[in-house]
Amino acid sequence: MKAEDGTSLTKKEKNNLAFYQLRLRGVILEEIKTGKEKKLGIKMLIFLQMAVCIYTLSGIAAKLASRYELSAFFTFLRELFSSGFDKSLFTMENWGFVICYGCELLVLGIYAIIWQQIIKRIDISTAYANRALAIFWSTLWAVLFFKETISIQNIIGIVIIVVGTWMVNRDG
């Protein structure tokens, strides 16, 4: 046997190489025999879509936060630190942005924890392919919560994404 640079391998190197080749074959055979490869079952698919759905909920909080003037929040902070705690400062106009933005951060934090558990259990390429379905969930929330209209182009695009994701899941 020869190394990549053309030099001969020592006996110890040959033994190590043979050991790792057998170990690799054993791991592959063990995966085939026990079925411990990372497969995307129906439970994991549902869990994955729940995570993507949670992720898109952060968009709702962001949209709600955008309804508040950011300048009102900074005015609130300036008044709070210059005049102290005046009850007139604590209005929904002043706190609305903070509450919505806080909800967005909370949702993203929960999503990050769930996402880590998902990518530990399935192939990362499959997991990220399924994140493409966020467009479906975002469109659904836009219609349900904000009464937005969707076009035929939106629907066609979502169908293409769903079909592509299905193809990836079928292989994974």
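Below or above, wherever it landed, is the structure these notes cover. Note that the structure is predicted; figures quoted are calculated from it, not measured.

**Observations regarding the overall build of the protein**
When helices and strands are counted, the protein shows 7 helices and 0 strands. The N-to-C order of helical and strand elements in the protein reads α-α-α-α-α-α-α. Counting the 172 residues in the protein, one finds 25% classified as buried. At a minimum sequence separation of 6, the contacts of the protein that also span at least 24 residues come to 72%. When the accessible surface of the protein is summed, it comes to about 12,300 Å², and 66% of that surface belongs to carbon and sulfur atoms.

**Thoughts on the side chain of N130**
Within the secondary structure, N130 is located in helix 5 (residues 124-131). Engagement of the side chain of N130 in a polar contact is seen with the backbone oxygen of T126, the distance being 2.8 Å. In this structure N130 touches L40, L45, L48, Q49, V52, T165 and N169, once residues within four positions along its chain are discounted.

**Overview of the packing of aromatic side chains**
The full count for this structure, using the stated rule, is 7 aromatic pairs. Where F97 meets Y101, the ring centres are 5.7 Å apart and the plane angle is 5 degrees; that geometry is what we call stacked. Of this pair, F97 and Y101 both sit in helix 4 (residues 92-121), separated by 4 residues, roughly a single helical turn. Every member of this aromatic cluster is reached through a ring pair, and the members are Y55, Y111, W115 and Y128. A cation over a ring is seen here: K63 above F146, with NZ or CZ 5.5 Å from the ring centre. Between the NZ or CZ atom of R131 and the centre of the ring of W115, over which it lies, the distance is 5.4 Å.

**Brief notes about a nonpolar patch on the surface**
Taken together, the side chains of V143, I150, I152, I155, I156, V159, I160, V163, W166 and M167 define a hydrophobic patch exposed on the protein surface, amounting to about 900 Å² of accessible area. For the nonpolar patch, the element with the highest residue contribution is helix 7 (residues 152-171), accounting for 8 residues. Within the element layout of this structure, V159 appears in helix 7. Accessibility expressed as a relative area gives 46% for V159, which makes it partly exposed.

**What about the environment of K63?**
Within the secondary structure, K63 sits in helix 2 (residues 42-65). On the basis of relative accessible area, K63 is assigned to the partly exposed category, the value being 36%. As a C-alpha pair, K63 and Y101 span 38 residues in sequence and 9.5 Å in three-dimensional space. Filtering out sequence-adjacent residues up to four positions away, K63 remains in contact with F146 and E148.

**A closer look at unusual backbone geometry**
The residue K147 is not glycine, and still its phi comes out positive at about 55 degrees. Tracing the sequence through the fold places K147 in the loop between helix 6 (134-146) and helix 7.

**Examining the nonpolar core**
Judged by nonpolar contacts, L40, M44, L48, A51, Y111, I114, W115, I118, I122 and A127 together constitute the single largest core of 10 residues. Those elements giving two or more residues to this core turn out to be helix 2 and helix 4. If you tally residues by element for this core, the top one is helix 4, at 4 residues. Of all hydrophobic cores here, the second largest spans 7 residues; its members include C53, W137, W141 and F146.

**Regarding helix 6**
The end-to-end C-alpha distance of helix 6, which contains 13 residues, comes to 17 Å, matching closely the 18 Å that a straight helix rising 1.5 Å per residue would cover. Listing the buried residues of helix 6 in full gives A134, W137, T139, W141, A142 and F146.

**Some points on the environment of I150**
Looking at where I150 falls in the secondary structure, it is placed in the loop between helix 6 and helix 7. With 10 residues separating them in the primary sequence, I150 and L140 have C-alpha atoms 9.4 Å apart. Apart from residues no more than four positions distant in its own chain, I150 is found in contact with T139, V143 and I155.

Here is what the cut-offs are and how they apply
Residues numbered from 1 in each chain as written. Predicted model: local features only at pLDDT ≥ 70, side-chain atom pairs only at ≥ 80, totals over all residues. Heavy atoms only, no water. Helix = DSSP H or I, 4+ residues; strand = E, 2+ residues; numbered from the N terminus. Buried < 20%, exposed > 50% of the residue type's maximum accessible area, 1.4 Å probe, protein only. Contact = heavy atoms within 4.5 Å. Areas by Shrake-Rupley, 256 points an atom, 1.4 Å probe, with all protein chains shown as cover. Polar contact = N/O pair within 3.5 Å; in protein donor to acceptor, adjacent residues only side chain to side chain. Phe/Tyr/Trp six-rings, centres within 6.5 Å; stacked < 30°, edge-to-face > 60°. Lys NZ or Arg CZ within 6 Å of the ring centre and 35° of its normal. Patch = residues over 30% accessible without salt bridge, like charges linked within 9 Å, V, L, I, M, F, W, Y side chains within 5 Å. Salt bridge = Lys/Arg side-chain N within 4 Å of Asp/Glu carboxyl O. Core = buried A, V, L, I, M, F, W, Y, C linked by side-chain atoms within 4.5 Å. Expected span 1.5 Å × (residues − 1).

Nothing here speaks to function; it is geometry throughout.
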